[in-house]
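Structural overview
One letter stands for each residue in the lines below.
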Amino acid sequence: MNQAGIAWISAATRDPRETRYTWLTNPGARRAADTGRLFDAVVMRVDLGAAVLDLLTAAAEPVGAVIAEEHAGKWAYLIGPGSAEAWLAAVGPADGTRYHYVGHGGCLTLPGPRPYPGSSMTWIVRPGLGTNLTCVPTLATAYLHAESHRPDPAS
């Protein structure tokens, strides 16, 4: 992750200065970030997350920061703060298995800028590489397409 990415993502933590200092000495350290100010997040199953990324990449759409949590089998796409209404209007309500929206008042664990080898939490797309946030309508379209073409994991 470049310095612009570190500055941007650390600004979402409760103590950005302390976070940047920690990441200088321990670049694999995880930090908690409050959602709803710099970004919200859409958390989905890893299979959907990967399919969505494939669709966005194939369409040459800009992709913001994406976090993977291997042990939980989830990916989190960072999107603009306050996007809950637009996401819900485009995708419909979550039923507990589709996705989880993390917005104002929420918290998201962030991997450090250089996660440790073998870490369960990593950056799939690091912040600071262009846009930091994925466009909600674009993400919603790719999500719906990926969801309609993936087998149900419960079956």
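First, a word on what this report is: a plain description of the structure on this page. In this text, all values refer to a predicted model and were calculated from it rather than measured experimentally.

1. Describing the sheet that holds strand β5 (residues 99-102)
Within the open sheet, the five strands sit side by side as β5-β2-β4-β3-β7. Their pairing is antiparallel. The open sheet has two edge strands, β5 and β7 (121-125), and neither has a second partner. Between one strand axis and the next, the sheet turns by 25° as a mean value, whatever way the strands run. Bridge count for strand β2 (residues 40-45) against β5 is four bridges, and the pairing is antiparallel. Its bridge partner being in β5, Val42 is matched across the sheet by Tyr101.

2. With respect to the nonpolar core
Ranked by internal contacts, the top residues of the largest apolar core, which has 24 residues, are Val42, Val52, Tyr77, Trp87, Leu139 and Tyr143. Mapped by element, the contributors of at least two residues to this core are β2, α3 (46-58), β3 (66-69), β4 (74-79), α4 (84-91), β5 and α5 (136-148). Ranked by the residues each element gives to this core, the list is headed by α5, at six residues. When neighbours within four sequence positions are excluded, Trp87 is seen to be in contact with Val42, Gly92, Tyr99, Tyr101, Val136, Leu139, Ala140 and Tyr143. If you look at the next biggest cluster of nonpolar residues, it comprises 19 residues, including Trp8, Ala29, Val43 and Ile67.

Cut-offs applied
Residues numbered from 1 in each chain as written. Predicted model: local features only at pLDDT ≥ 70, side-chain atom pairs only at ≥ 80, totals over all residues. Heavy atoms only, no water. Pairing = 2+ DSSP bridges. Helix = DSSP H or I, 4+ residues; strand = E, 2+ residues; numbered from the N terminus. Axes fitted to C-alpha atoms, helices over the stretch in contact; angles between N-to-C directions. Core = buried A, V, L, I, M, F, W, Y, C linked by side-chain atoms within 4.5 Å. Buried < 20%, exposed > 50% of the residue type's maximum accessible area, 1.4 Å probe, protein only. Contact = heavy atoms within 4.5 Å.

Bear in mind that shape data such as this cannot, by itself, settle questions of function.
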